[in-house]
Amino acid sequence: MCGIIGYCGSNHATDILLDGLSKLEYRGYDSAGIALSQNEQRIETIKTTGKVQELRNKVMALAPKNSYCGIGHTRWATHGGVTETNAHPHSNGSVTLIHNGIIENYSEIALELAKVNKFPKSQTDTEIAAMLFSHLYNGNPLETIETACAKLEGAYAFCILFADHPNEIYCVRNASPLVAVENEFGSYIASDMTALIEYSKDYFIVPEHHVAKLTKNGIKLLNFAGNEVKPTMLHASWDADSAQKNGYAHFMLKEIHEQPDSLLTTIMPRIKNGVINFEEEQIPDSLFMNFSNIVITACGTAMNAGLVGKSLIEKVLRIPVSVEPASEFRYGDPIIDDKTLVMIISQSGETADSLAALHLAKERGSKTLAIVNVKGSSIARESDYVLYTHAGPEIAVASTKAFTVQMAALYLICGKIASVRNLLSQEQLHTFIEELSSLPKVIETALQLEPTLKEVSSMLSETSDCFFLGRGLDYPLACEGSLKLKEISYIHSEAYVAGELKHGPIALITDQVPVVAIVTNTITVPKMISNIREVKARGSKILVITDQDMSAYPDVADALIELPKTDELFTPFTISVAVQFLSYYVSLHRGLDVDQPRNLAKSVTVE
Ligand code: G6P
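Residues numbered from 1 in each chain as written. Predicted model: local features only at pLDDT ≥ 70, side-chain atom pairs only at ≥ 80, totals over all residues. Heavy atoms only, no water.

In the annotation of an unreviewed UniProt entry, the protein is listed under the name Glutamine--fructose-6-phosphate aminotransferase [isomerizing] and assigned to Candidatus Scybalomonas excrementavium. Quoted verbatim from the Subcellular location (unreviewed entry) field of the UniProt record, the comment on the protein reads "Cytoplasm". Per UniProt, the protein has the following entry under Function (unreviewed entry): "Catalyzes the first step in hexosamine metabolism, converting fructose-6P into glucosamine-6P using glutamine as a nitrogen source." (UniProt positions renumbered as here; feature names shortened; annotations may be inferred.)

What follows is the structure, encoded as structure tokens:
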């Protein structure tokens, strides 16, 4: 949700900023802009609506004077529409800044500023922040930042240029992410490491309420008292290649194909001598002994992974699990206490609602365990325990590999609880762990379904409405398949537990509404077949995704996707691959922007 970058050093800033913005574009792509610090205390700002390529064209046409220090922003609109005026950077007086986050009290600040005849040109909360910094500016950037931050409420990561401090960038954050690196060519700051990995793998997260001051000689991390603070360094375990398409047409396609590896690196280090082992993560067994119920909270795809976790844990362990969208959990006065284990699932580790849900769970005394992909992210740092998924950077807005490794993490946790509480026999546990270990291979096989899924995707590519049906563990996958399809193909799609269809939604079924039926839950196969027949009788074309022998029902499917056979508990993984390819090829057929669908952003750091 908005990508920001800053650079100060011996190279030309423009190239570094534009390249960085291209890599951050998945965070938002409504408009983009850069501001370049010029030695004669002048700051040159260039911005445009549209994608980073349009900014690049504009910058090339204007050929701005050489600058060795600047900031850049790619926007996901919150306050105010997609216009050039609303695009960042925003300037006022000596101050030019970029912002990721939301200033919640911006209207009160705007009223205060209006009293001294200061009015914004844009509709953004960011311009109000720029006006506040400028209004308070006393020639001392650090003091000004401290005073301004005391007045600002909400989430922010700011990179600020002060015209009378050329070739310096001042950065501060609250909740929204900022990471920094330096090398012999200068200092760099960005929303996340995808923009910086080519400059260094050693980085630090700017601590909240500290100021990172970037110059060509390096980065100084200062507290508000002006004292230098030693940053906590982290090391990225992936390299620049992981954030490239590497010959694939889209990041999404590449990420679908990366799933065997992501599963391998997420699962296998946690299985030692045939036992699930979280010692490296320093997650004690006692965490899994001393709770009476589990609440999983997350957003979007991560919540669908949570739904899989619920079905799995309730089925295998008979422990009650509820799944709450983080945006509801945080305001819903959830029934949790010190006997509840709250699990927060998040690819980015920065989703504002999930982070707020974590804060609430901690306030209520619950133990918190996060399943997070981005190392050192806010949710990872703030929860009591974290089980990292190792998917590497996920760039496509539609989540694929992050989803399967989130499920894998939940399966690991399920196996761990089973062993700590003796809820499965040795033999059952052994089989469970064997199945889990074989997932990378199974997914390898499932990937071979690609040509078939490409072909059958034509069943959906012209439609405007569609349903996904499933029962039991198949239902969360129906939710995920439906979400994936709608986000990248713009087809209206709904997921239903198949038995519910006849209680209303069946009124929407016509011969223009295809149905994707997921049929892997053995005990409900006959029921699913009946449900499919009900919609088929009303004209629907049916795509069945199954690992079952359907030869007894030759007439139900208009198209059939046969998944590789796995233990019944593990079908969510193979189904995932099928629904991912399906939505990918539908989006492709429709000529849409697969990796950057309209209105969406990868990391949602606002409420
Ligand atoms: C956005 C993304 C989704 C993602 C959700 C939660 O909506 O578009 O793909 O599932 O945020 O993100 P998180 O980083 O918390 O998993």
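Text resumes after the structure shown.
### Quick look at the side chain of aspartate 547
As for its placement among the helices and strands, aspartate 547 is situated in the loop between strand E25 (542–546) and strand E26 (559–562). A distance of 3.1 Å separates the side chain of aspartate 547 from the side chain of glutamine 548, its partner in a polar contact. Discounting residues that sit within four places of it in the chain, aspartate 547 has contacts with Val519, Thr520, Leu563, Pro564, Lys565, Thr566 and Thr571. (Helix = DSSP H or I, 4+ residues; strand = E, 2+ residues; numbered from the N terminus. Polar contact = N/O pair within 3.5 Å; in protein donor to acceptor, adjacent residues only side chain to side chain. Contact = heavy atoms within 4.5 Å.)

### Topic: the pairing of strand E18 (residues 321–325)
Inspection of the sheet shows strand E17 (residues 293–298) paired to E18 by five bridges, in the parallel sense. In the strand pairing of E18, valine 295 is matched with serine 322. The parallel pair E17 and E18, bridged by helix H9 (residues 300–317), forms a crossover whose chirality is right-handed. (Pairing = 2+ DSSP bridges. Right-handed = clockwise from strand over helix to strand, strands pointing away.)

### A closer look at the nonpolar core
If you look at the biggest cluster of nonpolar residues, it comprises 123 residues, and the most contacted ones within it are Leu196, Phe288, Ile294 and Met343. Membership of the second largest hydrophobic core comes to 26 residues, among which are Ala129, Tyr137, Leu152 and Leu222. (Core = buried A, V, L, I, M, F, W, Y, C linked by side-chain atoms within 4.5 Å. Buried < 20%, exposed > 50% of the residue type's maximum accessible area, 1.4 Å probe, protein only.)

### Looking at the sheet that holds strand E5 (residues 90–92)
Read from one edge to the other, the open sheet built from six strands follows the order E5-E6-E7-E8-E12-E13, with strand pairing classed as antiparallel. Looking at which strands have only one partner, the edges of the open sheet turn out to be E5 and strand E13 (218–223). In this sheet, adjacent strand axes meet at a mean angle of 25 degrees when their direction is disregarded. Judged from the six bridges that link them, strand E12 (residues 210–215) and E13 form a sheet pairing that is antiparallel. For lysine 213, the partnering residue across the bridge sits in E13 and is lysine 220. (Axes fitted to C-alpha atoms, helices over the stretch in contact; angles between N-to-C directions.)

### Quick notes on helix H19 (residues 525–536)
Turn by turn, an α-helix covers 3.6 residues, leaving residues three or four places apart pointing in a common direction. Counted at 1.5 Å a residue, the expected span for H19 with its twelve residues is 16 Å, and the 16 Å between its end C-alpha atoms agrees. Three or more residues of H19 are buried, namely Val525, Met528, Ile529, Asn531, Ile532 and Val535. The arc enclosing the buried residues of H19, seen along the axis, measures out at 165 degrees, which places them on a common side. Where the residues of H19 are buried, they touch strand E22 (465–470), strand E24 (515–519) and E25. (Expected span 1.5 Å × (residues − 1). Arc of directions from axis to C-beta.)

### Some details on the site of the ligand
Taken together, 13 residues lie around the ligand, and Thr301, Ser346, Gln347, Ser348 and Thr351 are the ones closest in. In this structure, an oxygen atom belonging to the ligand sits 2.7 Å away from a main-chain N or O atom of glutamine 347. A distance of 2.4 Å is found between an oxygen atom of the ligand and a side-chain nitrogen or oxygen belonging to threonine 351. Protein chains shield 89% of the accessible area of the ligand, which is 390 Å² for the free molecule. Per-element accounting of the shell around the ligand gives the leading share, three residues, to H9. (Near = heavy atom within 4 Å. Areas by Shrake-Rupley, 256 points an atom, 1.4 Å probe, with all protein chains shown as cover.)

### What about the packing of helix H3 (residues 106–115) against helix H4 (residues 125–136)?
As a packed pair, H3 and H4 sit with axes 10 Å apart at the nearest point and diverge in direction by 45 degrees. By the angle between their directions, the pair H3 and H4 is classed as oblique. Crossing geometry of H3 relative to H4 is assigned as left-handed. Between H3 and H4, the contacting residues are Tyr106, Ile109, Ala110 and Leu113 on the first element and Asp125, Ile128, Met131, Leu132 and His135 on the second. (Parallel < 35°, antiparallel > 145°, perpendicular 65-115°, else oblique. Left-handed = near helix turned anticlockwise from the far one by under 90°.)

### Focus on the UniProt feature "active site" (unreviewed entry) in the protein
Under the UniProt annotation, "active site" (unreviewed entry) lies at Cys2 and Lys602. On the basis of their most widely separated C-alpha atoms, the annotated residues across 601 residues gather in one place, lying no more than 9.3 Å apart. Along the polypeptide, lysine 602 turns up in the segment after helix H20 (571–589). In contact with lysine 602, not counting residues within four places along its chain, are Tyr26, Arg27, Gln347, Glu394, Ile395, Ala396, Val397, Ala398 and Ser399.

### So, the UniProt feature "domain: SIS" (unreviewed entry) in the protein
The sites that UniProt annotates as "domain: SIS" (unreviewed entry) are residues 284–423 and 456–597. As annotated, residues 284–423 comprises 45% helix and 20% strand, and the C-alpha atoms at either end are separated by 18 Å. The span residues 456–597 is 37% helix and 18% strand, and its two end C-alpha atoms sit 22 Å from each other.

### Considering the sheet that holds E25
If you walk across this open sheet you meet the five strands as E23-E22-E24-E25-E26, and the pairing is parallel. Whereas interior strands pair on both sides, the edge strands pair on one side only; in this sheet they are strand E23 (492–497) and E26. Along the sheet, successive strands turn relative to each other by an average axial angle of 15 degrees, direction set aside. Pairing of E22 with E23 involves six bridges; the strand directions are parallel. The residue of E23 that forms the bridge with glycine 470 is valine 497. Contacting E22, E23 and E24, helix H18 (residues 474–489) runs over the sheet at an angle of about 175 degrees to E23.

### Some words on the packing of helix H15 (residues 439–447) against H20
Look at H15 against H20: their axes get within 9 Å of each other, and the N-to-C directions meet at 30 degrees. The element H15 and its partner H20 pack so that their crossing is right-handed. Here Leu439, Val442, Ile443, Ala446 and Leu447 of H15 come into contact with H20, specifically with Phe573, Thr574, Val577 and Phe581. When its residues are assigned to classes, the contact of H15 with H20 shows eight nonpolar, one polar and no charged. (Nonpolar A, V, L, I, M, F, W, Y, C, P; charged D, E, K, R; others polar.)

### Some points on the side chain of asparagine 86
Its location among the elements puts asparagine 86 in the loop between strand E4 (69–75) and E5. Look past the residues within four positions of asparagine 86 in its chain and what remains in contact with it is Arg75, Gly80, Gly81, Ser122, Gln123 and Thr124.

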